[in-house]
There are 2 protein chains.
Amino acid sequence: MNESGTDAAAEEASSAEQAAASAPAGLSRRGLLGLAIGGGVAGLAVGAGAGLAGGVALGRARAAADAQDPYAFFGDHQAGITTAVQDHLHFASFDMMPRTDRDDLISLLQDWSYAASRMTQGLEVSATGAVGGPAEQPPEDTGEALGLPAAGLTITFGFGPGLFENEDGDRYGIAALRPKGLERLPAFLGDDLDPQGSHGDLCIQACADDPQVAVHAIRNLSRLAFGRARLRWSQLGFGKTSRTTATAATPRNLFGFKDGTANILADDQKALDAHVWVADEDEPSWLAGGSYLVARKIAMLIETWDRVRLAEQDTIVGRDKGEGAPLSGGDEFTAPNFSGTSIDANSHVRLAHPEQNDGIRILRRGYNYVDGNNDLGRLDAGLFFLSYQRDPAHFITLQRRLSTDLMNEYIRHVGSGIWAIPRGARPGSYVGAELFA
Amino acid sequence: MNESGTDAAAEEASSAEQAAASAPAGLSRRGLLGLAIGGGVAGLAVGAGAGLAGGVALGRARAAADAQDPYAFFGDHQAGITTAVQDHLHFASFDMMPRTDRDDLISLLQDWSYAASRMTQGLEVSATGAVGGPAEQPPEDTGEALGLPAAGLTITFGFGPGLFENEDGDRYGIAALRPKGLERLPAFLGDDLDPQGSHGDLCIQACADDPQVAVHAIRNLSRLAFGRARLRWSQLGFGKTSRTTATAATPRNLFGFKDGTANILADDQKALDAHVWVADEDEPSWLAGGSYLVARKIAMLIETWDRVRLAEQDTIVGRDKGEGAPLSGGDEFTAPNFSGTSIDANSHVRLAHPEQNDGIRILRRGYNYVDGNNDLGRLDAGLFFLSYQRDPAHFITLQRRLSTDLMNEYIRHVGSGIWAIPRGARPGSYVGAELFA
């Protein structure tokens with residue numbers, strides 16, 4: 001909605017404001033300064049924060065109509081993990097700026113939580129927004145999502161290993177609270193990682209059914225991080241390659257195969273507790289109810305794959321391309337039978353199956369990506385793999401098992417990252433607050 | 001749908017097959033060879049075409065359910081020009097391969113037309129498709145759109161200047177039929193073009209409401225071009241920045257402003273005839289009912305723009321950010337009044353307005369893009385501008401007028417291309433057939 005909004009839209013705004021009302025009371029002075037001066041013109045608008053403090057009453061929803069209710073930002077777990085997978089992803093990795101301190105990190109997490117609690121409800125990044133502030137200041141919201149609904153937006157925050165300790169030491173006084181599993185992943189056979197597209201002190205996963213809404217979220221959170229954290233790399237994705245609800249049809253990856261058939265579903269509380277959520281006894285208490293996120297950018301050698309005969313494609317995957325049924329028979333949801341020879345010993349389905357990995361399961365939430373093409377006219381495309389698990393060792397075990405995967409001839413892991421995903425923020429608090437209690 | 005499809009899906013398939021039935025009778029032997037061996041393994045599967053000729057009866061629809069009827073491929077005009085703007089774009093530019101001849105070009109256009117007539121109806125690229133062919137051959141369709149509806153897919157083909165004549169001369173015997181306006185665009189003030197992301201002998205604009213469907217189309221058409229044409233560059237876009245129907249809300253570009261308010265609408269036949277469709281007397285007769293497409297990749301200096309105060313942003317655009325109303329007053333659809341001083345002489349709205357350009361109008365069909373970020377952590381983002389006009393001179397006039405546009409400080413034109421857009425293919429024929437009559 002905008003200034004000519006209807007009464008219905010105004011009501012919607014008010015209700016969305018209520019949903020976001022238990023956020024921190026507003027942006028920090030530092031955050032407002034970031035919005036006011038953006039990147040690098042320090043001194044231009046000192047004092048902007050104070051001038052904007054009275055603007056809260058101007059808050060407005062972006063739009064009245066949405067296909068579904070917005071997802072709550074506050075709760076026991078962060079949204080965007082078991083949430084029904086949305087159509088679009090904008091993922092971003094950040095590094096903290098040099099010479100930042102504990103207060104900078106706290107204020108950043110507070111500002112991000114405040115902004116996320118608003119944007120996930122279809123509101124602008126701040127109460128003043130794109131057009132409600134003083135004409136003599138840059139707008140606080142960049143405005144490209146004005147008029148768009150929340151579109152199922154979820155914003156999920158993660159903390160990388162470097163946040164707890166790096167070559168500069170324990171910058172934020174939290175090294176003692178570092179989760180034991182939070183280390184850069186080991187090198188895997190065939191890794192061809194781009195360091196500039198890997199790792200990061202912080203990550204944000206923004207998922208929405210409208211890419212403009214996801215892009216708007218990352219852009220505005222990046223902007224808000226001014227002087228405290230800087231975008232390291234980012235990735236857009238579409239078409240999702242996983243499902244977390246039984247009613248969703250299993251989507252296909254860019255090899256043309258169904259992907260995510262055996263994923264953990266959002267209503268399988270037992271599996272979530274066993275495989276996804278960190279339990280009280282596992283880790284520092286602040287991470288209980290959280291998880292670990294692993295991201296892997298997996299380039300697919302599309303043109304090479306497309307030359308593989310159908311029977312061989314089926315053998316590599318261990319399922320048939322049309323139906324997604326295991327080659328041992330049945331339909332998509334029939335359990336594969338590994339006792340015979342119908343499923344190759346080095347097929348993807350066999351190596352990745354819990355039966356072959358001490359029962360290990362992970363919750364997958366990946367997306368397809370296409371980043372244009374290279375100089376040879378080949379598509380620069382693949383899978384942006386995202387998985388949530390209670391212990392990174394689970395991913396490591398699976399990935400090592402895949403070292404003989406027949407599929408490896410057709411893929412390259414080019415990006416990698418790991419983050420601890422704190423539990424959801426409590427109303428009135430912020431993501432990660434327990435780290436600084 | 002797939003092999004376990006329901007009766008309803010089978011009926012749908014049959015109806016979609018009928019809609020596509022007036023396409024050329026099938027793929028050329030050359031095209032089938034391309035599908036069978038992909039890029040670069042010549043000799044591996046010679047004779048594949050003959051082996052696949054019997055596969056037509058296996059044709060199947062990809063999916064039964066769609067939110068809307070598919071758009072017809074055949075018709076007076078190509079689809080994808082006045083069609084209500086879909087949510088996603090995959091645009092691709094191709095160069096013909098060295099040493100190709102007239103027959104190569106004809107068979108390519110026939111194959112592309114055949115495949116496009118199928119995919120736009122929600123069918124696979126060929127009758128045999130992803131899983132209906134011999135297990136000992138690579139699948140003809142790459143399969144990632146199996147189970148997805150047509151999703152409003154349109155596929156629009158264009159012919160670049162180099163197709164008619166280049167440094168190798170008149171390769172295809174059509175130099176005499178070159179439209180008089182079909183020349184590379186002149187250099188404009190501030191151009192910073194990447195040659196590898198500009199130009200091309202052929203282009204394909206694929207638009208759909210599902211990005212996976214648009215990507216599937218470009219990928220399969222690229223594959224089909226094997227040995228005849230090669231992908232030169234490609235661009236994904238989202239969020240559309242134009243509208244061609246009065247009921248659609250005006251979308252916003254990444255500067256946060258409404259874009260496309262004054263666009264030509266699909267039901268404005270008078271404006272289409274005056275500004276978009278090439279008339280009989282203008283050009284070689286094969287182009288009558290066609291158009292010219294101009295593409296410009298316009299990088300936006302997002303972070304710089306975000307530091308501009310709201311009043312200045314409004315001044316630059318000449319409209320207010322919230323409503324999109326001209327600064328001379330009224331609402332979004334009020335005509336700007338340029339007689340006073342409220343709209344700056346170098347504002348975008350004034351310089352681009354037909355009143356300031358001898359009544360020239362173009363049909364815009366652009367999309368936002370985000371290609372990740374650069375090493376400084378800045379978003380690599382902007383507008384992929386697409387416009388259709390009956391005469392490229394119209395675009396050139398407008399672009400030259402914009403040389404003093406206040407907005408130029410915040411944008412860079414980094415890619416450029418121009419293509420003649422032939423009229424729509426007649427049922428049973430192919431796009432561009434009149435060129436070879």
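Residues numbered from 1 in each chain as written. Chains lettered and ligands numbered in written order. Predicted model: local features only at pLDDT ≥ 70, side-chain atom pairs only at ≥ 80, totals over all residues. Heavy atoms only, no water.

With an unreviewed UniProt entry as reference, chain A is termed Deferrochelatase, source organism Microbacterium croceum. According to the UniProt record, the Sequence similarities (unreviewed entry) comment for chain A reads "Belongs to the DyP-type peroxidase family." A UniProt comment under Catalytic activity (unreviewed entry) is attached to chain A, and it reads "heme b + 2 H(+) = protoporphyrin IX + Fe(2+)". (UniProt positions renumbered as here; feature names shortened; annotations may be inferred.)

A. Representation of the overall build of chain A. Counting secondary structure elements, chain A contains eleven helices and nine strands. Counting over 437 residues, chain A shows a buried share of 62%. Look at the contacts in chain A between residues 6 or more apart in sequence, and 77% of them connect residues 24 or more apart. Surface exposure of chain A reaches about 15,500 Å², of which carbon and sulfur atoms provide 50%. (Helix = DSSP H or I, 4+ residues; strand = E, 2+ residues; numbered from the N terminus. Buried < 20%, exposed > 50% of the residue type's maximum accessible area, 1.4 Å probe, protein only. Contact = heavy atoms within 4.5 Å. Areas by Shrake-Rupley, 256 points an atom, 1.4 Å probe, with all protein chains shown as cover.)

B. Structural detail: the UniProt feature "domain: Dyp-type peroxidase N-terminal" (unreviewed entry) in chain A. According to UniProt, the "domain: Dyp-type peroxidase N-terminal" (unreviewed entry) feature falls on residues 78-238 of chain A. Split by type, residues 78-238 of chain A is 22% helix and 20% strand. Its first and last C-alpha atoms lie 21 Å apart.

C. Summary view of the packing of aromatic side chains. All names here are of chain B. Scanning the model with the defined rule gives 32 aromatic pairs over all chains in all. Seen in terms of ring centroids, Phe385 and Phe395 are 5.8 Å apart; in terms of plane orientation they differ by 50°. Their pairing is tilted. Separated by ten residues along the polypeptide, Phe385 in strand 8 (residues 379-389) and Phe395 in helix 11 (residues 392-401) bring together distant segments of the chain. (Phe/Tyr/Trp six-rings, centres within 6.5 Å; stacked < 30°, edge-to-face > 60°.)

D. The UniProt feature "domain: Dyp-type peroxidase C-terminal" (unreviewed entry) in chain A, seen in detail. Summarizing the sequence annotation, UniProt attributes the feature "domain: Dyp-type peroxidase C-terminal" (unreviewed entry) to residues 250-424 of chain A in the numbering used throughout. Helix makes up 19% of residues 250-424 of chain A and strand makes up 23%, while its end C-alpha atoms are separated by 28 Å.

E. Spotlight on the packing of helix 4 (residues 102-119) of chain A against helix 6 (residues 211-224) of chain A. Residues and elements named next belong to chain A. Where helix 4 meets helix 6, the axes come as close as 10 Å, and the angle between the chain directions of the two elements is 155°. The angle between helix 4 and helix 6 falls in the class roughly antiparallel. As helix 4 packs across helix 6, the resulting crossing turns out to be right-handed. The residues of helix 6 that touch helix 4, namely those facing Asp111, Trp112, Ala115 and Met119, are His216, Ala217, Asn220, Leu221 and Leu224. (Axes fitted to C-alpha atoms, helices over the stretch in contact; angles between N-to-C directions. Parallel < 35°, antiparallel > 145°, perpendicular 65-115°, else oblique. Left-handed = near helix turned anticlockwise from the far one by under 90°.)

F. Region of interest: the environment of Lys180(A). All names here are of chain A. Inspection of the secondary structure puts Lys180 in the loop between helix 5 (161-164) and strand 3 (202-208). For Lys180, a relative accessible area of 59% corresponds to the exposed category. Note: C-alpha distance between Lys180 and Ala127 (53 residues apart in sequence) is 39 Å. When neighbours within four sequence positions are excluded, Lys180 is seen to be in contact with Asp282, Glu283 and Tyr292.

G. Fine view of the relation of the copies chain A and chain B. The two copies are related by a screw motion: chain A maps onto chain B through a turn of 180° and a shift of 0.0 Å along the axis, at an RMSD of 0.0 Å. Seen this way, the second copy is the image of the first under a two-fold rotation axis. When C-alpha positions in chain A are compared against the rotation axis, the closest is assigned to Asp371(A), at 3.4 Å. Mapped onto chain B, 98% of the interface residues of chain A again fall at the interface, so both copies present the same surface. (Least-squares fit on C-alpha atoms with pLDDT ≥ 70 in both.)

H. View of the interface of chain A and chain B. Each partner contributes residues to the interface: chain A has 64 residues there, and chain B has 65 residues. It is Arg219(A), Asp306(A) and Arg307(A) that lose the most area in chain A upon contact with chain B, and together they represent 13% of the buried surface on that side. For Arg219(A), the salt bridge identified is with Asp306(B), shortest N-O distance 2.8 Å. Where chain A meets chain B, there are 27 residue pairs in polar contact (both at pLDDT 80 or more). (Buried area = accessible area lost by both parts, 1.4 Å probe. Salt bridge = Lys/Arg side-chain N within 4 Å of Asp/Glu carboxyl O. Polar contact = N/O pair within 3.5 Å; in protein donor to acceptor, adjacent residues only side chain to side chain.)

I. Spatial organisation of the confidence of the model for chain A. Residues and elements named next belong to chain A. Per-residue confidence for chain A averages 88 on the pLDDT scale, and 87% of its residues sit at or above 70. With pLDDT under 50 throughout, residues 1-9 is counted as low confidence; its partners more than four residues away or in other chains account for 17 contacts. Low pLDDT (under 50) marks residues 39-61, which in the prediction has 43 contacts with non-local residues, meaning those over four places away or in another chain. Listed scores for the predicted complex are pTM 0.91 and ipTM 0.90. (pLDDT = per-residue confidence, 0-100.)

J. Representation of the side chain of Thr261(A). All names here are of chain A. By the secondary structure assignment, Thr261 is in the loop between strand 4 (229-238) and helix 7 (269-275). For Thr261, the side chain forms a polar contact with the side chain of Glu332, separated by 2.9 Å. Those residues within four positions of Thr261 in sequence are excluded, and the remaining contacts are Arg243, Thr250, Arg319, Glu332 and Phe333.

K. Here's a closer look at the environment of Arg252(A). Residues and elements named next belong to chain A. When you line up the elements, Arg252 lands in the loop between strand 4 and helix 7. What makes Arg252 buried here is its relative accessible area of 4%. Separated by 72 residues in sequence, Arg252 and Gly324 place their C-alpha atoms 9.7 Å apart. Engagement of the side chain of Arg252 in a polar contact is seen with the backbone oxygen of Gly322, the distance being 2.7 Å.

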